[in-house]
Amino acid sequence: MRIITGSARGRKLKTLDGLDVRPTTDKVKEAIYSAIQFEIEGSTVLDLFSGSGQMGIEALSRGANLVFFVDKSKASIDCTRENLETVGFSKQAKIFNMDSLDFIATTSQKFDIVILDPPYSKDIIQQVLPMLQDRLNYGAKVVCEHEKHLNLPENVGDLILKKKYSYGKTQVTLYTYGLEEIL
């Protein structure tokens, strides 16, 4: 696993072992960041279900101001901390070892980009999306990485589905907060 581009381009990151871990492939990560590339500079990002932290670290490498990393697994949080130290981004990170739904319910922070990559087949994205409404800045992007057969709704409150991408068994769904399509 490596950082694709930006100030830490090419740096290798530690990953977690085990059957519960499903790191985002470079191909999927590249597609996600191509879709949101113009929103990253200076943004505040939430990497929910952060795992090793690779998605949020990629955002920092590409110019995000601050990334919040949230995961309930202590092993994941330890791996994220180690990866942040390796690439020198620790000061631009806030790390929370807690349940992701509890974090959304209790934080007052607003985000420009949210990256959701929860465990598959648990309907977690459907629980998180409505909870994000008061946690997003106008125009925010919400990136959902999920199993291909999961069909997410076109709208969730003021979240509007903009695009879907498929890569093997993985699908990425991109929402925008509060922006109607202008024709």
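Scroll up to find the structure.
What comes next concerns the included structure. (Residues numbered from 1 in each chain as written. Predicted model: local features only at pLDDT ≥ 70, side-chain atom pairs only at ≥ 80, totals over all residues. Heavy atoms only, no water.)

## Observations concerning the overall build of the protein chain
From N to C terminus, the protein chain includes five helices and eight strands. Overall, the protein chain shows an N-to-C arrangement of helices and strands of α-β-α-β-α-β-α-β-α-β-β-β-β. Relative to the 2.2 N^0.38 estimate, which gives 16 Å for 183 residues, the radius of gyration of the protein chain is 15 Å and therefore close to what a compact globule would have. For the C-alpha atoms alone, the extent of the protein chain along its principal axes is close to 45 × 35 × 35 Å. Taken over 183 residues, the protein chain has a buried fraction of 50%. Long-range contacts, defined as pairs at least 24 residues apart, comprise 63% of the intrachain contacts of the protein chain with a sequence gap of at least 6. Of the roughly 9100 Å² of accessible surface on the protein chain, a fraction of 48% belongs to carbon and sulfur atoms. The distance from the centre of the 23 positive side-chain charges to the centre of the 24 negative ones in the protein chain is 4 Å. (Helix = DSSP H or I, 4+ residues; strand = E, 2+ residues; numbered from the N terminus. Rg over C-alpha atoms; globule rule 2.2 N^0.38 Å. Buried < 20%, exposed > 50% of the residue type's maximum accessible area, 1.4 Å probe, protein only. Contact = heavy atoms within 4.5 Å. Areas by Shrake-Rupley, 256 points an atom, 1.4 Å probe, with all protein chains shown as cover. Lys, Arg positive; Asp, Glu negative; His and termini not counted. Charge placed at Lys NZ, Arg CZ, Asp CG, Glu CD.)

## Describing helix α5 (residues 124–131)
Among all positions of α5, only I124, I125, V128 and L129 are buried. Mapping the buried residues of α5 onto a view down its axis gives an arc of 125°, with all of them on the same face. (Arc of directions from axis to C-beta.)

## A short note on the pairing of strand β8 (residues 170–177)
When you tally the buried positions in β8, you get eight out of eight residues, the bulk of the element. Neither face of β8 is open: one carries T170, V172, L174 and T176, the other Q171, T173, Y175 and Y177, and all of them are buried. Direction of pairing for strand β5 (residues 136–147) relative to β8: antiparallel, over a ladder of seven bridges. By the bridge assignment, H146 is partnered in β8 with Q171. Both strand β7 (residues 159–167) and β8 contribute to a ladder of eight bridges, which runs antiparallel. From the neighbouring strand, L159 faces β8, where its bridge partner is Y177. Two successive antiparallel strands, β7 and β8, enclose a turn made up of two residues, where G168 displays a positive phi of approximately 60°. (Pairing = 2+ DSSP bridges.)

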